[in-house]
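Observations on the model geometry
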Amino acid sequence: AADVGDDLVEVLFTEAQIQTRIAEMAAEISRDYEGKDLVLVGVLRGAVMVMADLSRALDKHVEMDWMAVSSYGSGTKSSGVVRILKDLDADISGRHVLIVDEIIDTGLTLSWLTSNLGSRGPASVEIATLLRKPEALQMPVKAKYVGWDIPNEFVVGYGLDYRETYRNLRDIGTLSPSVYS
Ligand code: PRP
Ligand code: MG
């Protein structure tokens, strides 16, 4: 049977490498937030895998909440406008917030989300992302915890999709050109 990984032309990060890096990030986060009330905010849908693994690798109690956001118009992010499809259930006022996402590409999503959550009176707002594309960045985003910086290539797996497929791939990689044609 065909495996979802068969369409990859190159594996950038294996499942084992991802888990090792997540564990390192989790150790750092556990240290930094020791004794603090922490709310993890996962950005649906791509962040589901990172959220599940990062939260379970932490050495502390956390609350987990979710937001779903979308760009206005026909999915183009260039408009710079973001709307909330699903807001937090939690009141984050006075609390420490860590936004969890799997990738910072142009930076629009997390730049907007950081300022939106920041306006709700939290004790702090920081970002943890597994991947970041420095060359693609269009908006200033300060991520405190970054798994890896990667080149400006289209990647799938571990939450990252191409037309809603490949999110459940355990590795992260680049797609074979034949998939696009
Ligand atoms: C992707 C990804 C990040 C965001 C990064 O989500 O999961 O959240 O784009 O891109 P940016 O830095 O250019 O904003 P997307 O909006 O495609 O939705 P998804 O999480 O449901 O895949
Ligand atoms: Mg996303």
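Structure: see above.
Below is a summary of the structure that appears in this document. (Residues numbered from 1 in each chain as written. Chains lettered and ligands numbered in written order. Predicted model: local features only at pLDDT ≥ 70, side-chain atom pairs only at ≥ 80, totals over all residues. Heavy atoms only, no water.)

Soluble globular proteins: nonpolar side chains tend toward being buried together. Core analysis: the biggest nonpolar cluster contains 25 residues, and I29, L54, L98, L130, L131 and I172 have the highest contact counts within it. Of all the secondary-structure elements, those providing two or more residues to this core are α1 (15-32), β2 (38-44), α2 (48-57), β5 (96-104) and β6 (124-132). Examining the composition of this core, we find that five residues originate from one element, α1, more than from any other. Residue contacts for L54: discarding those within four places in its chain leaves I22, M25, A26, I29, V100 and A128. (Core = buried A, V, L, I, M, F, W, Y, C linked by side-chain atoms within 4.5 Å. Buried < 20%, exposed > 50% of the residue type's maximum accessible area, 1.4 Å probe, protein only. Helix = DSSP H or I, 4+ residues; strand = E, 2+ residues; numbered from the N terminus. Contact = heavy atoms within 4.5 Å.)

What follows is about the environment of I172. Counting through the fold element by element, I172 comes out in strand β9 (residues 172-175). Considered as a pair, I172 and W112 are 60 residues apart in the sequence and their alpha carbons are 26 Å apart. Excluding residues that lie within four positions of it along the chain, I172 makes contacts with V11, L12, F13, I18, L130, L131, V155, V156, G157, Y158 and L160.

Glancing now at the packing of aromatic side chains. For the structure on display, the rule yields three aromatic pairs. When the centroid spacing of 6.0 Å and the interplanar angle of 85° are considered together, the rings of F154 and Y162 count as edge-to-face. In this structure F154 comes out as partly exposed when scored by relative accessible area, which is 40%. What makes Y162 buried here is its relative accessible area of 14%. Of the aromatic side chains, those joined through ring pairs into one cluster are F154, Y162 and Y180. (Phe/Tyr/Trp six-rings, centres within 6.5 Å; stacked < 30°, edge-to-face > 60°.)

Regarding α2, the residues found buried are V50, M51, D53, L54 and S55. If you follow the buried residues of α2, they end up packed against α1, β2, β3 (63-71), β5 and β6.

In spatial order, the strands read β4-β3-β2-β5-β6-β7; together these six strands make up an open sheet with mixed pairing. In this open sheet, the two edge strands, each paired with only one partner strand, are β4 (82-86) and β7 (145-149). Here the strands of the sheet are splayed against their neighbours by 30° on average, with no regard to which way each runs. Strand contacts of α1: β2, β5, β6 and β7, with the helix running at about 155° to β7, the strand carrying the most contacts. Here helix α3 (residues 108-118) sits on the sheet and contacts β2, β3, β4, β5 and β6; the angle it forms with β5, its principal contact strand, is near 170°. (Pairing = 2+ DSSP bridges. Axes fitted to C-alpha atoms, helices over the stretch in contact; angles between N-to-C directions.)

Any link to function would need more than the numbers given here.
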